[in-house]
Amino acid sequence: MTPHTSTMSVNSSIYDYIEENGRTYHRYKEGKYMLPNDEAEMDRLDLQHQLWLITLYDQLQLAPISNPQNVLDIGTGTGIWAIEFANKHPSAQVIGSDLSPIQPTYVPPNCQFEVDDAEDQWNYSQRFDLIHGRALVTCFKDPGTVVSSAFDALLPGGYLEFQDVVLPMRAIDDTIEGTALQHWQEKTIASAATLGTSWKNSGNYTQYFENAGFVDVVEQHFQWPMNTWPKGTRMKTLGTYWQEDMLRGLEGLSMAVLTRGGGMKKEEVLELTAEVRKDIHNKNIHAYLPIIVVYGRKPEQN
């Protein structure tokens with residue numbers, strides 16, 4: 001991978017974002033990632049960061065690390081996870097990588113960002129104690145390759161952790177059947193597959209980890225209710241955040257994949273998402289999004 005001072009990291013052309021149907025998208029590896037990178041999406045990602053913190057009881061990671069010195073955050077997005085980790089661990093050097101250079105300019109001195117594609121060959125000069133990736137399910141054509149690259153880039157005893165959603169949303173009963181929400185999910189997932197990326201790989205993370213050589217692999221499960229339909233303060237809080245996340249992200253999640261891979265026009269996408277918004281507000285639809293956290297350790301050398 002390229003160091004932060006490389007031409008790729010400072011080349012102004014990567015800031016010349018692609019404009020399409022009223023949203024902007026990454027220039028580097030144009031077309032690979034189907035979600036936008038504009039202000040609206042950045043605000044949504046920072047909101048979702050708070051949702052992850054609530055989900056994981058204010059922990060940035062669940063892997064049992066101690067005194068990390070070198071940390072990598074792939075698909076860093078706005079960089080908020082990397083920045084908070086750097087602040088929490090001032091002795092660690094934290095790198096965040098992403099296809100879009102949308103991270104802030106002023107960051108902790110032990111945090112830096114670079115433009116890179118985690119599916120390319122990794123050429124870091126250092127080895128890492130922790131490699132983290134969050135909400136990557138829509139990112140990679142071959143997640144197994146990324147997991148193998150992470151394994152090679154870790155120090156013996158180091159951890160890889162993926163935190164992700166498991167698509168599609170489901171319900172505790174049959175209330176999702178026949179809804180616009182169900183149709184939208186099926187259409188977006190099928191359209192992504194048409195474009196060459198499966199959005200259903202996160203359920204296979206444990207297998208990818210074990211195939212790469214990780215040991216002591218742990219898989220933990222959580223749920224995000226679609227709105228405040230369930231009982232209990234914690235679940236209602238999670239539902240409030242996930243509902244807002246969905247409402248803010250619905251158009252961005254839908255527009256590129258459905259126009260590029262689903263054969264739909266912009267106006268048709270807007271009509272569909274308008275119907276989905278009604279379902280997101282509907283407390284009679286008992287839908288939730290499964291959440292998965294998987295971490296594993298690279299074995300110590302003999």
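Scroll up to find the structure this text is about.
Residues numbered from 1 in each chain as written. Predicted model: local features only at pLDDT ≥ 70, side-chain atom pairs only at ≥ 80, totals over all residues. Heavy atoms only, no water.

Engineer: Before we move on, could you go through the overall build of the chain and cite the residues and values that matter?
Structural biologist: Scanning the chain from N- to C-terminus turns up 8 helices and 10 strands. Taken over C-alpha atoms, the radius of gyration comes to 19 Å for the chain, in line with the 19 Å a tight globule of 302 residues would show. Overall, the C-alpha framework of the chain stretches about 55 × 45 × 35 Å when taken along its three principal axes. Looking at the chain alone, contacts between residues at least 24 apart form 73% of all its contacts between residues at least 6 apart. Summed over all atoms, the accessible surface of the chain reaches about 13,100 Å², with 49% contributed by carbon and sulfur. Measuring between centres, the 24 positive side-chain charges of the chain sit 3 Å from its 39 negative side-chain charges. (Helix = DSSP H or I, 4+ residues; strand = E, 2+ residues; numbered from the N terminus. Rg over C-alpha atoms; globule rule 2.2 N^0.38 Å. Contact = heavy atoms within 4.5 Å. Areas by Shrake-Rupley, 256 points an atom, 1.4 Å probe, with all protein chains shown as cover. Lys, Arg positive; Asp, Glu negative; His and termini not counted. Charge placed at Lys NZ, Arg CZ, Asp CG, Glu CD.)

Engineer: Please set out the packing of helix α5 (residues 180-194) against helix α8 (residues 266-281) residue by residue, giving values where relevant.
Structural biologist: Look at α5 against α8: their axes get within 8 Å of each other, and the N-to-C directions meet at 130 degrees. For the element pair α5 / α8, the angle class is oblique. The two elements α5 and α8 meet at a crossing, and its hand is left-handed. Between α5 and α8, the contacting residues are Ala180, Leu181, His183 and Trp184 on the first element and Leu272, Glu275, Val276 and Asp279 on the second. (Axes fitted to C-alpha atoms, helices over the stretch in contact; angles between N-to-C directions. Parallel < 35°, antiparallel > 145°, perpendicular 65-115°, else oblique. Left-handed = near helix turned anticlockwise from the far one by under 90°.)

Engineer: Run through unusual backbone geometry, naming residues and quoting values.
Structural biologist: Residue proline 168 is bonded to the preceding leucine 167 through a cis peptide linkage, with omega at 0 degrees. With respect to the secondary-structure elements, proline 168 resides in the loop between β7 (154-165) and β8 (170-171). Located in the positive-phi region is asparagine 67, a residue other than glycine, with phi close to 50 degrees. The topology assignment puts asparagine 67 in the loop between α2 (39-55) and β3 (70-74). Phi is positive for alanine 135, which is not a glycine, with a value near 55 degrees. Take alanine 135: its relative accessible area is 28%, and that puts it in the partly exposed class. (Buried < 20%, exposed > 50% of the residue type's maximum accessible area, 1.4 Å probe, protein only.)

Engineer: Could you give me a rundown of α8, with the residues and numbers involved?
Structural biologist: Here α8 contains 16 residues, and its C-alpha end-to-end distance of 23 Å stays within 8% of the 22 Å for a straight helix at 1.5 Å per residue. Buried within α8 are the following residues: Val269, Leu272, Thr273, Val276, Asp279 and Ile280. Projected down its long axis, α8 shows its buried positions confined to an angular sector of 100 degrees, all on one face. Facing away from the buried side of α8, by more than 90 degrees, are the exposed residues Glu271 and Lys278. Next to the buried residues of α8 lie α5 and α7 (233-260). (Expected span 1.5 Å × (residues − 1). Arc of directions from axis to C-beta.)

Engineer: How would you summarise the side chain of threonine 138 if you had to cite specific residues and measurements?
Structural biologist: In this structure, threonine 138 sits in the loop between β6 (128-134) and α4 (143-153). Owing to a relative accessible area of 8%, threonine 138 belongs among the buried residues under this scheme.

Engineer: Any chance you could break down the packing of aromatic side chains for me, citing the residues and the numbers?
Structural biologist: For the structure on display, the rule yields 11 aromatic pairs. With a centroid separation of 4.9 Å and 20 degrees between ring planes, the pair formed by tryptophan 81 and phenylalanine 85 is classed as stacked. With a gap of 4 residues between them, tryptophan 81 and phenylalanine 85 both fall in helix α3 (residues 80-88), about one helical turn apart. Here phenylalanine 85 falls in the buried class, since its relative accessible area comes to 0%. Summarising the aromatic geometry, the rings of tryptophan 122 and tyrosine 124 are spaced 6.2 Å apart at their centres and angled 90 degrees between planes, so their arrangement reads as edge-to-face. The same class applies to tryptophan 122 and to tyrosine 124, which are both buried. Through a chain of ring-to-ring contacts, the aromatic side chains of Phe151, Phe162, Tyr205, Tyr208, Phe209 and Phe214 assemble into a single cluster. The ring of tyrosine 25 carries arginine 260 above its face, with NZ or CZ at 5.0 Å from the centroid. (Phe/Tyr/Trp six-rings, centres within 6.5 Å; stacked < 30°, edge-to-face > 60°. Lys NZ or Arg CZ within 6 Å of the ring centre and 35° of its normal.)

Engineer: Describe in detail the pattern of salt bridges, supporting the description with residues and values.
Structural biologist: If you walk through the whole model with that rule in mind, you get 9 salt bridges. A salt bridge links aspartate 245 to arginine 44; the nearest nitrogen and oxygen atoms lie 2.7 Å apart. Taken together, the residues aspartate 245 in helix α7 and arginine 44 in helix α2 connect sequence positions 201 residues apart. For the pair shown, aspartate 245 and arginine 44 are each scored as buried. For arginine 248, the salt bridge identified is with glutamate 244, shortest N-O distance 2.9 Å. (Salt bridge = Lys/Arg side-chain N within 4 Å of Asp/Glu carboxyl O.)

Engineer: Describe the nonpolar core, and please don't skip the residues or the numbers.
Structural biologist: For soluble globular proteins, the rule of thumb is that nonpolar side chains tend to be buried together. Trp122, Ile131, Leu160, Phe162, Leu181 and Trp224 are the most contacted members of the largest nonpolar core, which totals 72 residues. Take this core: its biggest share by element is 9 residues, from α7. Ranked by size, the runner-up nonpolar core spans 16 residues in total, among them Trp81, Phe85, Ala92 and Tyr159. (Core = buried A, V, L, I, M, F, W, Y, C linked by side-chain atoms within 4.5 Å.)

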